[in-house]
Amino acid sequence: MNDAPARPGSPTGPAATPLYRERLLPGPGAWVTALGLGILVAVLVLPLAPLVAPGAGVLVAAATVATLVATAPVIEVGDGALRAGPARVPVDVLGEVTPIFSAEEMRVALGPELDARAYVCLRSWARTGLRVDLRDPADPTPYWLVSTRRPDDLAAALDEESARR
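As the structure is a prediction and not an experimental result, all values here were calculated from the model. (Residues numbered from 1 in each chain as written. Predicted model: local features only at pLDDT ≥ 70, side-chain atom pairs only at ≥ 80, totals over all residues. Heavy atoms only, no water.)

A.B. asks: Help me understand helix α4 (residues 151-164) in this model?
C.D. replies: Every α-helical turn comprises 3.6 residues, leaving residues that sit three or four positions apart pointing alike. Compared with an ideal rise of 1.5 Å per residue, which puts 14 residues at 20 Å, α4 spans 20 Å between its outermost C-alpha atoms and is within 8% of the ideal. In this fold, the buried residues of α4 make contact with β1 (20-23), β2 (74-78), β3 (81-84), β5 (94-100) and β7 (129-134). (Helix = DSSP H or I, 4+ residues; strand = E, 2+ residues; numbered from the N terminus. Expected span 1.5 Å × (residues − 1). Contact = heavy atoms within 4.5 Å.)

A.B. asks: Sorry if this is basic, but what is going on with the packing of aromatic side chains here?
C.D. replies: Note on aromatic pairs: each is described by the distance of the centres and the angle between the planes. Going through the model one piece at a time under the given rule, you end up with 1 aromatic pair. Judged by centre distance (4.7 Å) and plane angle (50°), the ring pair of Y119 and W144 falls under tilted. Of this pair, Y119 sits in strand β6 (residues 119-121) while W144 sits in strand β8 (residues 143-147); the two residues are 25 residues apart in sequence, bridging distant segments of the chain. Relative accessible area serves as the criterion here: at 5%, W144 is assigned to the buried category. Note that R131 overlies the ring of Y143, its terminal NZ or CZ placed 3.7 Å from the centroid. (Phe/Tyr/Trp six-rings, centres within 6.5 Å; stacked < 30°, edge-to-face > 60°. Buried < 20%, exposed > 50% of the residue type's maximum accessible area, 1.4 Å probe, protein only. Lys NZ or Arg CZ within 6 Å of the ring centre and 35° of its normal.)

A.B. asks: Could you clarify how one ought to interpret the pattern of salt bridges in this entry?
C.D. replies: It is possible for side chains of opposite charge to pair when their charged atoms get near one another. All chains considered together, the criterion is met by 8 salt bridges. Note that E104 and R107 form a salt bridge whose closest N and O atoms lie 2.8 Å from each other. Remark: R107 and E104 occur in helix α3 (residues 103-110); sequence separation between them is 3 residues, near one turn of the helix. Residue classification places E104 among the partly exposed positions, given a relative accessible area of 45%. Among the residues examined, R107 registers a relative accessible area of 48% and is labelled partly exposed. Among the charged side chains, a network of salt bridges with common partners joins R21, E76 and R83. (Salt bridge = Lys/Arg side-chain N within 4 Å of Asp/Glu carboxyl O.)

A.B. asks: Even after reading the chapter, I still don't get the side chain of S147, so can you show me in this structure?
C.D. replies: Structurally, S147 is set in strand β8. The exposure class assigned to S147 is buried, which follows from its relative accessible area of 0%. At 3.1 Å, the side chain of S147 forms a polar contact with the backbone nitrogen of R123. Excluding residues within four positions of it along the chain, S147 makes contact with L24, I75, M106, C121, L122, R123, A126, T128 and G129. (Polar contact = N/O pair within 3.5 Å; in protein donor to acceptor, adjacent residues only side chain to side chain.)

Fair warning: the whole summary comes from geometry, so function is off the table for now.
If you want it as structure tokens, here you go:
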């Protein structure tokens with residue numbers, strides 16, 4: 001039995017620290033919009049029920065914020081896999097990794113160059129991303145297109161995780 005402590009990022013520890021982890025939370029504009037929606041609801045309800053209006057506004061704003069947080073996907077590299085939202089792929093089947101550094105490059109990757117069979121984990125507020133080709137002949141998915149605010153860091157984490165395998 002090996003009682004050596006697991007180093008960070010090591011897949012042998014029970015609570016292995018991922019090499020890369022990013023939650024794609026919205027930017028400031030979405031939070032301001034959630035607040036604005038709450039204010040709008042409060043103003044609309046005010047003539048009908050003045051005592052209920054502030055509570056309704058707070059409730060709508062809080063529900064909007066909770067929805068934005070709950071639906072924000074996590075991008076993670078660790079334990080021999082890349083995870084993007086609910087999907088997971090082992091790093092052993094990953095091919096070429098191409099960082100996408102601009103909104104224009106991402107627009108092209110999602111538009112004219114997009115293969116309909118690709119797995120896409122996209123959030124419009126993260127305007128950069130990563131394209132990761134798959135080398136699994138049994139998988140019809142040719143590549144993953146993943147939004148990230150730090151494409152260089154994600155690519156480096158994938159390279160490091162692949163080197164461990």
